[in-house]
Amino acid sequence: MNNKYFVLKANGEIVEPGKYLESSQCSKNFRVFIEREALNKKLDSDVKSDYVSYAKKLGFDWEPNSDSGFMRFDYKAQLIMRLVKEYARQLVYEIGFPIYEVRGANFFDMSYPVVQAYAGLYGDRLFQLSAGKKKLVMSYDASYPQFNLAGKYSLRDKNLPFGHFSISDCYRLEQSGECMLFVRQRRFFMPDLHPYFKDIDEAFKWFPKMEKKLLESVRDINRHYEIVVEVSSEKNWSKYQNQIKEIAKNLNQDILVAILMDGIDRYWIINVDYKIIDQLGQSREICCIQIDVNNASRLDISYLDKNSKKHNPVIIHAAIPGGIERYLYMLFDNFRKSFPLWLYPAQIRLVPVNKKHLAFCKRLVLNNSQLPVRIEIDDRDEHLNKRIKQAHEDLVPFVVVIGDK
């Protein structure tokens, strides 16, 4: 059964996708987004992206001695990964409710009913293996490890909301033909945030505060998200359409809504995907926010109200600013306009004309050591022009030649 799509305008008006495409309000990227997401139109494009060449220059590549979908990080890439992870922490801790960073295991025993229940949500995308007599499954994301901890807490309503957070390596058995550097890997790093709320109203109340951090992270790099709100059923659209309309209103942006018509009982009521149209004309998901109403009861996460009555919290799933690698894909996709200065491994390279200027270069580095900037010196015994050319090939944004003049 086909899903039902429509455009939800910022003013709350609902428009059929084909009719919306005829209007002058439809931007170029949103047009592509609607055609790909709602109309399933394949777009032919002769545009080529050079994001892979930029990625490789900064140390990101496939691991040649592993299976499909596993990346390696050279020293520059590893620094970039660490910086983005710290950026994710900064964004998350600014949301406003208490955040507790935790870490779970990578392997779980399928003999436990709660593991089976959660693993059953992901089907053939799971990495599974045998160890002795045990059947193990690798962590698909950080949800189950965090939920397992939450299920052991003695919570009261005054403890909510609070969030679990972790940046974990996750494993998904993507098909080899589907693997794409940065966008789809079999191992990737996810800044998983799971806040727990007393009820759906409280979850919707905090939703825009999390979304605000997502939008802040994309505006800072001169990109823009096209947004689709997936609703798990027509019943949930009827029940929560006012809250969904509020999402478009708060964004002051027209968005796409997809009502899923397959009858599957999902754990979430809405799933909001934040996507870019990349240089290839493809719609690429970078991050999402889900409102989960079923996993708390499935995994025995509960709290007591003031009358000591037991309730299951509502959980939000979010990745801010998105999957680490997918966020990087967004930066590399439009490298010259989007890659931020703070993320370059070396922001300034000093190139002394000859050896007699080396001491001055070292003094410059020492005198500016208190600044939040990474400076390096190219003191190789190579011709000046060759070293300047090499700096540009290494993607160093500022090259300073030091000489008598």
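See above for the structure.
Residues numbered from 1 in each chain as written. Predicted model: local features only at pLDDT ≥ 70, side-chain atom pairs only at ≥ 80, totals over all residues. Heavy atoms only, no water.

Student: What should I look at first to understand the overall build of the protein chain in this one?
Tutor: For the protein chain, the count of helices and strands is 13 helices and 21 strands. Relative to a compact globule of 405 residues, whose C-alpha radius of gyration would be 22 Å, the protein chain shows 24 Å and is just as compact. Each principal axis of the C-alpha atoms in the protein chain carries an extent, and together these give about 75 × 60 × 40 Å. Scored against the burial criterion, the 405 residues of the protein chain give a buried share of 51%. Intrachain contacts of the protein chain at a sequence separation of at least 6 include 73% that bridge at least 24 residues. Of the roughly 20,200 Å² of accessible surface on the protein chain, a fraction of 47% belongs to carbon and sulfur atoms. Placing the 60 positive and 52 negative side-chain charges of the protein chain at their respective mean positions leaves the two points 3 Å apart. (Helix = DSSP H or I, 4+ residues; strand = E, 2+ residues; numbered from the N terminus. Rg over C-alpha atoms; globule rule 2.2 N^0.38 Å. Buried < 20%, exposed > 50% of the residue type's maximum accessible area, 1.4 Å probe, protein only. Contact = heavy atoms within 4.5 Å. Areas by Shrake-Rupley, 256 points an atom, 1.4 Å probe, with all protein chains shown as cover. Lys, Arg positive; Asp, Glu negative; His and termini not counted. Charge placed at Lys NZ, Arg CZ, Asp CG, Glu CD.)

Student: Would you take a moment to explain the nonpolar core for this structure?
Tutor: Buried together is how nonpolar side chains tend to be arranged in soluble globular proteins. Residues Phe60, Met210, Tyr225, Leu328 and Phe332 are the most contacted members of the largest nonpolar core, which totals 79 residues. In terms of residue count, the dominant contributor to this core is helix α4 (residues 75–93) (10 residues). Those residues in contact with Phe332, other than ones at most four positions away along the chain, are Tyr51, Tyr54, Ala55, Leu58, Phe60, Phe182 and Phe339. Among the nonpolar cores identified, the runner-up in size contains 24 residues, and Ala119, Tyr144, Ala150 and Trp268 belong to it. (Core = buried A, V, L, I, M, F, W, Y, C linked by side-chain atoms within 4.5 Å.)

Student: It is not clear to me how the pairing of strand β18 (residues 314–319) should be interpreted in this structure. Could you clarify?
Tutor: For a regular strand, side-chain orientation follows a simple rule: the groups alternate between the two sheet faces. For β18, the buried fraction is high: 6 of the 6 residues fall into the buried class. Of the two faces of β18, the one carrying Val314, Ile316 and Ala318 and the one carrying Ile315, His317 and Ala319 are both buried. Where strand β11 (residues 187–197) and β18 come together, 4 bridges link them in antiparallel fashion. Across the sheet, the residue bridging to Phe197 is Val314, located in β18. Sheet topology places strand β15 (residues 283–292) next to β18; 4 bridges connect them, and they run antiparallel. Counted as the bridge partner of Gln290 is His317 from β18. (Pairing = 2+ DSSP bridges.)

Student: What's the story with helix α7 (residues 200–219) in this structure? I'm lost.
Tutor: For the α-helix, the turn length of 3.6 residues means that residues three or four positions removed from each other point alike. Taking 1.5 Å per residue as the helical rise, α7 with its 20 residues ought to reach 28 Å, and the 29 Å between its terminal C-alpha atoms agrees with that figure. Maximal helix bending in α7 amounts to about 30 degrees, located at Trp206; proline Pro208 follows within four positions. With a side-chain oxygen positioned 3.3 Å from the backbone nitrogen of Asp201, the residue opening α7 is Asp199. (Expected span 1.5 Å × (residues − 1). Bend = angle between axes of the 7 residues up to and from the residue. Polar contact = N/O pair within 3.5 Å; in protein donor to acceptor, adjacent residues only side chain to side chain.)

Student: Is there a simple way to think about the sheet that holds strand β9 (residues 155–156) in this case?
Tutor: As a general point, the strands of a sheet are linked pairwise by backbone hydrogen bonds and lie either parallel or antiparallel. The sheet built from 3 strands is open, its strands ordered β9-β16-β17 with mixed pairing. The sheet is open, and its two edges are formed by β9 and β17 (310–311), each paired on a single side. As paired strands, strand β16 (residues 303–304) and β17 are joined by 2 bridges and run antiparallel to one another. Bridge pairing links Leu304 to Lys310 in β17.

Student: Looking at this structure, how should I read the packing of α7 against helix α8 (residues 234–251)?
Tutor: To describe two helices that pack against each other, one gives the angle between their axes and the distance between the axes. Running from N to C, α7 and α8 point in directions that differ by 25 degrees, and their axes come no closer than 11 Å. Here α7 is positioned roughly parallel relative to α8, judged by the angle of their axes. Note on packing geometry: the crossing formed by α7 with α8 is right-handed. The segment α7 lies against α8, with Ile200, Asp201, Phe204, Phe207, Pro208, Glu211 and Leu215 engaging Tyr240, Gln243, Ile247, Asn250 and Leu251. Residue composition of the contact of α7 with α8, grouped by class: 8 nonpolar, 2 polar and 2 charged. (Axes fitted to C-alpha atoms, helices over the stretch in contact; angles between N-to-C directions. Parallel < 35°, antiparallel > 145°, perpendicular 65-115°, else oblique. Left-handed = near helix turned anticlockwise from the far one by under 90°. Nonpolar A, V, L, I, M, F, W, Y, C, P; charged D, E, K, R; others polar.)

Student: Is there a simple way to explain the sheet that holds strand β5 (residues 99–101) in this structure?
Tutor: Within the open sheet, the 10 strands sit side by side as β2-β1-β13-β12-β14-β15-β18-β11-β10-β5. Their pairing is mixed. The two strands at the open ends of the sheet, each matched to only one other strand, are β2 (14–15) and β5. In terms of strand pairing, strand β1 (residues 4–8) meets strand β13 (residues 255–259) through 5 bridges, oriented antiparallel. Bridging from a neighbouring strand, Phe6 pairs with Val257 of β13. Against the sheet, α4 engages β5, β10 (162–171) and β11, with an angle of about 160 degrees to β10.

Student: I would appreciate a short explanation of the side chain of Lys275 in the present structure.
Tutor: Inspection of the secondary structure puts Lys275 in strand β14 (residues 268–277). Within the local environment of Lys275, its side chain forms a polar contact with the side chain of Glu37, the two groups lying 3.0 Å apart. Sequence-distant contacts of Lys275, that is, excluding residues within four places in its chain, are made with Phe33, Glu37, His224, Tyr225, Glu226, Val228, Ser283, Arg284, Glu285 and Ile286.

Student: So what exactly am I meant to see when it comes to the state of the cysteines here?
Tutor: A covalent bond between the sulfur atoms of two cysteines is referred to as a disulfide. Throughout the structure, instances matching the rule amount to 0 disulfides. Note on Cys179: no disulfide assigned, nearest cysteine sulfur contributed by Cys170 at a separation of 15 Å. Judged by relative accessible area, which is 16%, Cys179 ranks as buried. (Disulfide = S-S within 2.5 Å.)

Student: Looking at this structure, I do not really get the packing of α4 against helix α10 (residues 324–333). What am I missing?
Tutor: Put simply, α4 and α10 touch, their axes get as near as 10 Å, and they point 105 degrees apart. In terms of axis orientation, α4 runs roughly perpendicular to α10. Contacts from Ile80, Met81, Val84, Lys85 and Tyr87 of α4 reach α10 at Ile324, Glu325, Tyr327 and Leu328. Residues that form the contact of α4 with α10 fall into these classes: 7 nonpolar, no polar and 2 charged.

Student: I tried to follow the packing of aromatic side chains on my own but got confused; where do I start?
Tutor: Where two aromatic rings form a pair, the distance of their centres and the angle of their planes describe that pair. Summed over the entire model, instances satisfying the criterion amount to 30 aromatic pairs. Ring geometry for Tyr54 and Phe335: centres 4.4 Å apart, planes at 10 degrees, overall stacked. Residue Tyr54 is found in helix α3 (residues 51–57), and its partner Phe335 is found in helix α11 (residues 335–338); the two are separated by 281 residues along the sequence. Given a relative accessible area of 13%, Tyr54 falls into the buried group. Three or more aromatic residues joined by ring pairs form one cluster here, namely Tyr51, Tyr54, Phe60, Phe73, Phe182, Phe189, Tyr329, Phe332, Phe335, Phe339 and Tyr344. The aromatic ring of Phe189 is capped on one face by Lys85, whose charged end is 4.0 Å from the ring centroid. The positively charged end of Lys209 is found above the aromatic ring belonging to Trp206, 5.5 Å away from the centroid. (Phe/Tyr/Trp six-rings, centres within 6.5 Å; stacked < 30°, edge-to-face > 60°. Lys NZ or Arg CZ within 6 Å of the ring centre and 35° of its normal.)

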